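Next come the chains, spelled out residue by residue.
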Amino acid sequence: MIIRLFNRFFDLLIDRRMPWLLGLSLAMRPNLRKIKLAPEEEVLFALTVDTEQDYGSSDKKKSFSALPGFCKNFLTWSRKEKILTTLFVQAEAAQSVGAELKAFEKAGHEIGVHGLKHELWARPRWFTREISLPARKRFKALQECLDLFKKAGLKKPESFRAPNMAIDSSTYSALKKAGFKGDSSPSVFRGCGLKPDTKKGVKIVPVSADPCVRLRFVKGVPVGEHLVFNMYQLTALPEKELLEMLDRVLKFQKKNNVPLHLVFLTHSWEMETFEDAYKHLSRLLTALRKRYNLKPVTFNSLV
């Protein structure tokens, strides 16, 4: 218990969004004013879905009631929009929707892994309830994921995203040993891992997030915020503000000689519970195709 409390306290101390590190984060914002985006430059776009238990870490009942409807509705929507996507699936649920997931694979979508039981794959975050999966057990847990995928009749997965975007070097070692090629787990909401990287032989491509921290106040206390390219921001931000954020993401990549790409994140339960979620996604695709030379791809095409 003492070690857990210490780990959470230490995680809070090093969170660069907190007031004591905010000045440094603001000072480190990249200067992107001179970076220009050319209309003809190709922008790869990976639409990814954390396909998981209802309400993610907030689900105390461990239910998957949204999954069947999501699989049916999302596949129909993707066919209508003519787009291939990547589903990061919580492995314990793979067999319950095995037939539906095989239909996604047959249509050309990618099925990756989103943990075994929605556990943490790094030290616990200061704001999470979950207990960390011990490093010595992570390879075995990945083997269980692969076994469950095999029993569901799915292809061996190549891509991984950790629940709560919590990952460390021990997990990357386990991923490499288990044969995974790509990961999308960096804690970009904290301003960490905003550029593609390689660790322990695993190629890392993060969810897209604003490289420029912005200031906000919580009960009068100044804190930092890195906007993430996800369903919440899609529904909360005006379209103009969202697209300006994505411009900064792409300019940051161009400044760092990174091939232009965007990775969007949503959750299976969001697609079934957020009002007009599919309409929001369709409007997003229309706006992206109008603004950029967009090429939709599955996540494994980025690694």
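From a predicted model like this one, the values you see are computed outputs, not experimental measurements.

Engineer: How should the overall build of the chain be read in this particular structure?
Structural biologist: Looking only at helices and strands, the chain has ten helices and eleven strands in total. A globule of 303 residues ought to have a C-alpha radius of gyration of about 19 Å, and the chain, at 19 Å, matches this closely. Taken along its principal axes, the extent of the C-alpha atoms in the chain is 50 × 50 × 35 Å. Counting every position in the chain, which comprises 303 residues, the buried fraction comes to 54%. Taking contacts inside the chain between residues at least 6 apart in sequence as the whole, the part at least 24 apart equals 72%. Summed over its atoms, the accessible surface of the chain is roughly 14800 Å², and 54% of this surface lies on carbon and sulfur atoms. A gap of 4 Å separates the mean positions of the 52 positive and 32 negative side-chain charges of the chain.

Engineer: Just checking my understanding: could you explain the pairing of strand β8 (residues 214-218) for this structure?
Structural biologist: On any regular strand, side chains alternate: one points to one face of the sheet, the next to the other face. Bridge analysis of β8 against strand β9 (residues 221-225) gives five bridges, and the strand direction is antiparallel. Of the residues in β9, the one forming a bridge with L215 is G224. If you look at the hairpin formed by β8 and β9, you'll find two residues sitting between the two strands, and K219 has a positive phi there, around 55°.

Engineer: How should I be thinking about the environment of R79 in this particular structure?
Structural biologist: Take R79: it is sitting in helix α3 (residues 67-81). Considered as a pair, R79 and A107 are 28 residues apart in the sequence and their alpha carbons are 8.6 Å apart.

Engineer: Help me out: how do you make sense of helix α4 (residues 98-107) in this one?
Structural biologist: Residues lying three or four places apart along an α-helix face the same way, a consequence of the helix completing one turn every 3.6 residues. For α4, the set of buried residues is G98, L101, F104 and E105. Down the axis of α4, the buried set is contained in an arc of 115°. They therefore lie on one face. The exposed set on the far side of α4, more than 90 degrees from its buried face, consists of A99 and K106. Of the surrounding secondary structure, the elements contacted by the buried residues of α4 are α3, β2 (86-89) and β3 (110-113). The first or second residue beyond α4 is G108, which carries a positive phi of 105°.

Engineer: What exactly am I supposed to notice about the nonpolar core here?
Structural biologist: Generally speaking, a soluble globular protein has its nonpolar side chains buried in company with each other. Grouped together as the largest cluster of nonpolar side chains are 66 residues, with contacts concentrated most on F45, F74, F229, L262, L281 and L288. Considering each element in turn, this core owes the most residues, seven residues, to helix α10 (residues 277-291). Excluding residues that lie within four positions of it along the chain, L281 makes contacts with L47, F74, W77, M231, L234, F264 and M271.

Rules and cut-offs
- Numbering of residues starts from 1 in each chain and follows the order in which that chain's sequence is written.
- Per-residue local features of the predicted model are confined to residues with pLDDT of at least 70, and side-chain atom pairs are confined, for both listing and counting, to 80 or more; whole-chain, interface and lining totals are unaffected and use all residues.
- Excluded from the side-chain calculations are hydrogens and water; all other atoms, namely the structure's heavy atoms, are used.
- Comment: elements are numbered from the N terminus, with helices defined as DSSP H or I runs of at least four residues and strands as E runs of at least two.
- Note that the radius of gyration is over C-alpha atoms, with the globule rule given as 2.2 Å times the number of residues to the power 0.38.
- Throughout, exposure labels follow a simple rule: accessible area from a 1.4 Å probe, protein chains only, divided by the maximum for the residue type, with under 20% read as buried, over 50% as exposed, and the rest as partly exposed.
- We call two residues in contact whenever any of their non-hydrogen atoms come within 4.5 Å of each other.
- What sets the accessible areas is the Shrake-Rupley method with a 1.4 Å probe; for residues, cover comes only from the shown protein chains.
- Under this rule, positive means Lys or Arg and negative means Asp or Glu; His and the chain ends count for nothing.
- In this description, the location of a charge corresponds to atom NZ of lysine, CZ of arginine, CG of aspartate or CD of glutamate.
- By definition, two strands form a pair when at least two bridges between them are found by DSSP.
- This arc is taken over the directions from the axis of the helix to the C-beta atoms.
- Only buried residues count toward a nonpolar core, which is a set of Ala, Val, Leu, Ile, Met, Phe, Trp, Tyr and Cys residues joined through side-chain atoms within 4.5 Å.

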